[in-house]
Every structure is written in structure tokens, then in C-alpha cells.
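Secondary and tertiary structure notes
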Amino acid sequence: MTTSTSLRFALLITGASGFLDSYTFLSRGGVFANAQTGNVIFLALNLAERHWHQAIGHLWPILAFVVGVILAVHIKAGRLDRLLPYPIRVTMGLQALILLVIGFVPTSVPHSFVTIPIAFLAAMQIELFRSIGDLNYVAVATTGNLMRLVEAGYGATIDRAPESRRAFSVYTRVVGVFAGGALVGAICTQLMGGSAAWVPAGFLAVTLVLFIIDEHRDDPADRTGSDA
């Protein structure tokens with residue numbers, strides 16, 4: 001198992017994602033910058049009520065998310081290997097840097113200046129980080145992970161399948177960490193306001209350092225180019 005598909009890595013970025021959803025919703029205009037389901041719903045509601053300005057506020061993160069997925073697919077296809085030899089490191093490092101800058105942005109500025117770059121980077125994250133070993137998961141949302149948790153629980157209790165017990169343990173932690181990240185994000189945002197973005201920035205910076213250390217320790221050939 002490579003570092004980017006390890007449980008520890010998944011828990012770290014999932015916790016940061018839960019934090020960011022609380023942060024952007026509470027301090028940046030009621031927008032979910034990571035998961036786009038809420039933005040699609042709010043967009044439809046605003047259009048139905050002819051609240052055009054509010055609708056546009058939910059549209060831009062959706063478009064940024066789409067562009068981020070396209071770029072991530074392009075990276076995974078290897079078409080940017082010469083320009084971007086370490087896509088995982090660059091994605092995490094860029095997100096940490098942008099969150100650091102966002103922490104200095106007053107909440108009085110248009111919220112799109114914050115939610116658009118977060119949505120873009122979240123899209124790259126969801127496309128690049130999709131598995132824990134042989135198990136699929138989503139780092140920036142919890143619905144799919146919760147469904148897999150229930151399925152694994154059923155398999156473990158009814159079918160008595162060993163692989164289901166392992167999956168149940170993994171998904172329990174993933175769902176719990178996302179919820180915990182959202183809780184911590186809400187508390188930090190209430191206490192720190194817009195500056196709360198510094199918390200996940202530091203969190204992702206530490207994750208990046210651990211990732212680089214693990215990759216160099218486990219695979220010396222990593223020094224030659226691409227992330228695992």
C-alpha cells in the first residue's frame with residue numbers, strides 16, 4: 001500500500017475536509033466549498049426564488065469544482081508529468097498555501113474569493129485520492145462513506161465476512177473523522193472567524209511533510225520523479 005492510499009493519509013485529509021465545510025459554511029457565505037451537493041440544491045432554490053445574486057454565489061464553486069476534476073484527470077493521465085512530477089505533493093502544498101492566505105482575507109470581502117479556490121483544490125483532492133488500499137472512499141464528503149459503512153456492517157454481522165469487518169473498521173474511522181473535523185471546524189470558526197483557515201492549513205502542511213518522509217523511507221526511487 002502506498003502512502004497516498006494508506007488509512008492514516010485518508011484520515012488526515014478527510015478530517016481537514018470536514019473542517020473546511022464547516023468553515024466555509026459558517027464564515028464564507030453559507031457555501032459548501034468541498035462537497036457540491038449542497039451548492040446544487042441552493043442554486044436551484046435561489047433560481048426558483050429569483051434570487052440571482054445568491055444563485056451566482058453557489059454557481060462559481062460548482063464550476064471551479066468541475067475545472068479541478070478536469071485538471072486532476074489530466075494529471076492522472078500523465079500528460080503533465082514533465083511539468084508536474086509530484087502531483088500529490090503539489091496539490092497538498094498548494095492547498096495549504098492557499099488556506100494560509102485565506103486566513104488573512106477579511107470575511108467582509110466577496111466570499112467567492114475564498115470558496116472558488118477551495119472548491120477547485122477539493123476537486124483535485126477527490127480525484128487524486130480515492131482509495132484506502134482496496135477500499136474506495138471520498139475525502140471531501142461523507143454520504144458515500146456512510147453507505148459503505150452500513151454495507152460493511154451488514155456483511156460483518158449477517159454474513160460474518162472477515163473482509164467486511166475490516167471495511168467496517170476503516171469506514172467507521174473515516175466517517176467519524178469527517179464528523180470530528182466538521183465539529184472542530186465549527187468551534188474554531190466561531191472562535192477565530194476567517195482566520196480559522198490557518199488550522200487546516202497547518203494540518204495539511206504536517207500531512208505533506210509526513211507524506212514526503214514516508215515516501216522517501218519506503219521507496220528511495222521516489223526521488224526520481226512521480227508520487228506513488
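Residues numbered from 1 in each chain as written. Predicted model: local features only at pLDDT ≥ 70, side-chain atom pairs only at ≥ 80, totals over all residues. Heavy atoms only, no water.

Below, the discussion takes up the nonpolar core. One finds Phe129 and Tyr137 to be the most contacted residues of the largest nonpolar core, which totals 44 residues. Taken together, the elements giving at least two residues each to this core come down to helix H1 (7-27), helix H3 (52-76), helix H4 (87-102), helix H5 (112-128), helix H6 (143-157), helix H7 (162-192) and helix H8 (198-218). With 9 residues, H1 is the single largest residue contributor to this core. Non-local contacts of Tyr137, meaning those with residues more than four positions away in its chain, are made with Ala10, Ile13, Thr14, Phe129, Arg130, Ser131, Ile132, Asn145, Arg148, Tyr171 and Val174. (Core = buried A, V, L, I, M, F, W, Y, C linked by side-chain atoms within 4.5 Å. Buried < 20%, exposed > 50% of the residue type's maximum accessible area, 1.4 Å probe, protein only. Helix = DSSP H or I, 4+ residues; strand = E, 2+ residues; numbered from the N terminus. Contact = heavy atoms within 4.5 Å.)

Among the structural elements, Arg165 can be located in helix H7. C-alpha of Arg165 to C-alpha of Gly155: the two residues are 10 residues apart in sequence and 7.5 Å apart in space. Not counting the four nearest positions on each side in its chain, Arg165 is found in contact with Ala156 and Arg160.

The next subject is H3. In a regular helix each residue adds 1.5 Å, so 25 residues correspond to 36 Å; H3 covers 36 Å between its end C-alpha atoms and thus fits that length. Every buried residue of H3 is accounted for by Ala55, His58, Pro61, Ile62, Ala64, Phe65, Gly68, Ala72 and Ile75. (Expected span 1.5 Å × (residues − 1).)

The first and last C-alpha atoms of H4 sit 22 Å apart over 16 residues, in line with the 22 Å expected at 1.5 Å per residue. Within the span of H4, buried status applies to Pro87, Ile88, Arg89, Thr91, Met92, Gln95, Ala96, Leu99 and Ile102.

Before going further, it helps to spend a moment on the packing of aromatic side chains. All chains considered together, the criterion is met by 3 aromatic pairs. Plain terms: the ring middles of Phe9 and Phe129 are 5.0 Å apart, the flat faces sit at 80° to each other, and that makes the pair edge-to-face. Residue Phe9 is found in helix H1, and its partner Phe129 is found in the loop between H5 and strand S1 (131-132); the two are separated by 120 residues along the sequence. The residues Phe9 and Phe129 share a single accessibility class, namely buried. By the ring-pair criterion, three or more aromatic residues cluster together here, those being Phe9, Phe129 and Phe211. (Phe/Tyr/Trp six-rings, centres within 6.5 Å; stacked < 30°, edge-to-face > 60°.)

The next subject is the pattern of salt bridges. Scanning all chains against the criterion turns up 2 salt bridges. With a closest N to O distance of 3.2 Å, Glu127 and Arg130 form a salt bridge. Residue Glu127 is classed as buried on the basis of its relative accessible area of 12%. Arg130 sits in the partly exposed class, given a relative accessible area of 43%. Arg166 is the partner of Asp134 in a salt bridge, and the nearest nitrogen-oxygen pair spans 2.7 Å. Of this pair, Asp134 sits in the loop between S1 and strand S2 (135-136) while Arg166 is found in helix H7, placing the two residues 32 residues apart along the sequence. Judged by relative accessible area, which is 59%, Asp134 ranks as exposed. (Salt bridge = Lys/Arg side-chain N within 4 Å of Asp/Glu carboxyl O.)

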